[in-house]
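These are the residues of each chain, in order.
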Amino acid sequence: MFAAMSICAVAADNFSQGKRYFESGQYRTALPYLQSAAKEGYGETCYLLGRMYCNGLGTEKNYEVARRMFERGMEYGCPYGEAQLGEMYENGLGVQKDMTKAVEYYRRSAGRGLADGQYMMAMCYWEGKGVEQRRDSTFSLLRKVMNNDGQFTYSYMRGRYILGECYEYGYGTEVNIEKAIECYYKRWGYNGRVSDPEYIYRAAVLARYNGLDYWDVYIKLAIEHGCSSPEILYKRYQWLCGEDVTEWDCFSYLEKAVAAGYGPALRDMAELYEEGRRVPVNYAKAKEYAARADKWFATHAEYEEQQRAETDAAFRNSRGMYHVGDTLTRNDTLYLVEAVSSRFEPVKLYNLTDEAERIDGYLRRYSNAYTKLSDFARSYAKYGVWLDKNNKPYVVLKEDDEGNPIVLAVPEYFSMSYETYMNGGNRNLLPADGVERISYWYDRMRYILEENGKERLDFSEAFLTSEHKGDKVTTANLNNDKDSYTIQKGKKYRVMVKCTIDDLRRNGLAD
């Protein structure tokens, strides 16, 4: 009995020592300890040996021995090797390829709640390998994997990217652009790796075209980590040109895209030399770059259509392509897009025909297009524009949990005196720190008004405020210009004010 106890103690010590060396990457040192413990029936030891022989860790690869170790580990009560056996059958490693057997092992492992099996089964559903393609099942399994990443031994990064695609396109879940960006961008610690630069770029595109923050950070990191195709360099140049940066902050990206022979960049460089912007006027160089650009465009006809789709809302709508904020009426059906994918496709397209008292019938009954839009705008305040009972438009600044407006911006000028401002009138002005959101929806209202034959309103002279100290305030207008401004006694100023839904109710303008 004492001898048996002594043998068990030695085996347990060998297992403990071998596992410690294995986990620290000292595979050659771990090998004899694990081999000794395996003879005494330690299932997890057999599993670890299977991984070593399968991957050549501390010993030569030997798929036959690896398969026996995984199977013996399962006999001794350790199920961790099931997913690895599945991979061997999927790829024909020491056995004949058999996808049916592979899926059987993956499914058994996943059913035990093991992350490796869940991941491999998720990949089968994602690619339709050995099973019917079901990407909704991929999402549910990957969510479990990410909650069990302590067990995880496979390609964690790829699973995270695929989870991002599920959030981006709504596979097995609601479309959630913010979560997709998180999956694509976040620096995961698995083996010290950072995100694939192509996916960081996808995060940049999603953020840029869905009106989210940090797109400039994402695209910069994508380029720094190797995502440096001329198209992406030129995209960064384009995006930066529309921001508050110095000319040379973005010009270097244009130069790199030009050096790579990218047609749109060549065309822009030709214009710069012709007009003397950022570079001295040089008509010879302008002509040279223009000729090179024409040659590139002659073999890239698809680019013109892509560009038109990005800049022309009517063309996008006619081709079934949408960007954030686009609305259209086609065949008496009203649509709205809330999110755009990294391929510039709609991923959250709402058909509103059956909502808001059958909008399709409403459209048929009324001939005035502006009136047609009013019921939609009033019923869907959470989309940014709200109309009162007189069809006067407002911008929604704050909503309740059900999407109903609470605080709104009034799209009219008000005359405010120095005395009124200093006596608390500034509390009702639009906040300058929200000027970008306000500008976006005022632009939408201008578009709706102009499209339907209404007078185009100009808000650029309006005065907004975010801070006031004495008679000095930080101001902004709807051109996004911010500055300090002194309020002078005896003068009046054109301002825009906010109101609440209760204010409008008191005046009989809201339900």
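In what follows, the structure referred to is the one given above.
Below is a summary of the structure that appears in this document.

Regarding the overall build of the chain
Next, step 1: Helix and strand content of the chain: 23 helices and 12 strands.
Next, step 2: When burial is assessed residue by residue, the chain has 46% of its 511 residues classed as buried.
Next, step 3: In the chain, of all internal contacts separated by at least 6 residues, the share reaching a separation of at least 24 is 49%.
Next, step 4: Carbon and sulfur atoms provide 44% of the accessible area of the chain, an area that totals close to 26500 Å².

Quick notes on the side chain of Thr138
Next, step 1: Along the chain, the position of Thr138 falls in helix H8 (residues 135-147).
Next, step 2: With relative accessibility at 0%, the residue Thr138 sits in the buried group.
Next, step 3: Here the side chain of Thr138 touches Trp126 through a polar contact of 3.0 Å, landing on its backbone nitrogen.
Next, step 4: Not counting the four nearest positions on each side in its chain, Thr138 is found in contact with Ala122, Tyr125, Trp126 and Ile162.

Quick word on the packing of aromatic side chains
Next, step 1: The full count for this structure, using the stated rule, is 22 aromatic pairs.
Next, step 2: Here the aromatic rings of Phe139 and Tyr167 are separated by 5.3 Å at their centres, their planes lie at 85 degrees, and the arrangement is edge-to-face. You can see Phe139 sitting in helix H8 and its partner Tyr167 sitting in helix H9 (residues 156-169), a full 28 residues away along the chain. Residues Phe139 and Tyr167 agree in their burial class; the two are buried.
Next, step 3: Note on Tyr209 and Trp239: the rings are 6.0 Å apart at their centroids and 75 degrees apart in plane angle, and the pair reads as edge-to-face. Note that Tyr209 is positioned in helix H11 (residues 197-209) and Trp239 in helix H13 (residues 230-241), a separation of 30 residues in sequence.
Next, step 4: Judged by its relative accessible area of 3%, Trp239 falls in the buried class.

Some words on the pattern of salt bridges
Next, step 1: Within this structure, the stated rule accounts for 14 salt bridges.
Next, step 2: When the shortest N-O distance is used, the salt bridge between Glu64 and Arg68 registers 3.8 Å. Note that Glu64 and Arg68 are positioned in helix H4 (residues 63-75) at a spacing of four residues, about one turn of the helix.
Next, step 3: For Arg506, the salt bridge is made with Asp503, and the minimal N-O distance between the two is 2.4 Å. Placement of the pair is Arg506 and Asp503 together in helix H23 (residues 501-506), with a separation of three residues, close to one helical turn.

As for the packing of H11 against H13
Next, step 1: At a minimum axis distance of 12 Å, the contact between H11 and H13 shows a crossing angle of 30 degrees. Accordingly, the angle class assigned to the pair H11 and H13 is roughly parallel. Here the hand of the crossing between H11 and H13 comes out left-handed. For the pair H11 and H13, the contacting residues are Tyr201, Ala204, Val205, Arg208 and Tyr209 in the first and Ile232, Lys235 and Trp239 in the second.
Next, step 2: Among the residues forming the contact of H11 with H13, the class breakdown is six nonpolar, no polar and two charged.

Brief notes about the nonpolar core
Next, step 1: Ranked by internal contacts, the top residues of the largest apolar core, which has 99 residues, are Leu49, Met121, Leu142, Tyr234, Leu254 and Met269.
Next, step 2: Of the residues forming this core, the biggest block, nine residues, is contributed by H11.
Next, step 3: Each residue touching Met121, except ones within four places of it in the same chain, is listed here: Val103, Tyr106, Arg107, Ala110, Val131 and Leu141.
Next, step 4: Of all hydrophobic cores here, the second largest spans 20 residues; its members include Met416, Phe463, Ile501 and Leu509.

As for helix H17 (residues 301-311)
It helps to recall that an α-helix has 3.6 residues per turn; residues three or four apart then point in one direction.
Next, step 1: Among the residues of H17, Tyr303, Gln307, Ala309 and Glu310 are the ones counted as buried. The arc that holds the buried residues of H17, viewed along the axis, is 160 degrees, so those residues lie on one side.
Next, step 2: As for H17, its buried residues are in contact with H11, H13, helix H15 (263-275), helix H16 (283-298) and helix H18 (313-318).

Side note on helix H6 (residues 99-111)
Next, step 1: With 13 residues, H6 extends 18 Å from end C-alpha to end C-alpha; this agrees with the ideal 18 Å at 1.5 Å per step.
Next, step 2: Every buried residue belonging to H6 is among Ala102, Val103, Tyr105, Tyr106, Ser109 and Ala110, and all of these are buried. Along the axis of H6, the buried positions cluster into a sector of 160 degrees, meaning they face one direction only. Facing away from the buried side of H6 by over 90 degrees, the exposed positions are Thr100 and Gly111.
Next, step 3: A distance of 3.1 Å separates the backbone nitrogen of Thr100 from a side-chain oxygen at the start of H6, and that oxygen is part of Asp98.
Next, step 4: Taken from the residues just after H6, Gly113 is the one with a positive phi, measuring 80 degrees.

Reading the values: the criteria
Residues numbered from 1 in each chain as written. Predicted model: local features only at pLDDT ≥ 70, side-chain atom pairs only at ≥ 80, totals over all residues. Heavy atoms only, no water. Helix = DSSP H or I, 4+ residues; strand = E, 2+ residues; numbered from the N terminus. Buried < 20%, exposed > 50% of the residue type's maximum accessible area, 1.4 Å probe, protein only. Contact = heavy atoms within 4.5 Å. Areas by Shrake-Rupley, 256 points an atom, 1.4 Å probe, with all protein chains shown as cover. Polar contact = N/O pair within 3.5 Å; in protein donor to acceptor, adjacent residues only side chain to side chain. Phe/Tyr/Trp six-rings, centres within 6.5 Å; stacked < 30°, edge-to-face > 60°. Salt bridge = Lys/Arg side-chain N within 4 Å of Asp/Glu carboxyl O. Axes fitted to C-alpha atoms, helices over the stretch in contact; angles between N-to-C directions. Parallel < 35°, antiparallel > 145°, perpendicular 65-115°, else oblique. Left-handed = near helix turned anticlockwise from the far one by under 90°. Nonpolar A, V, L, I, M, F, W, Y, C, P; charged D, E, K, R; others polar. Core = buried A, V, L, I, M, F, W, Y, C linked by side-chain atoms within 4.5 Å. Arc of directions from axis to C-beta. Expected span 1.5 Å × (residues − 1).

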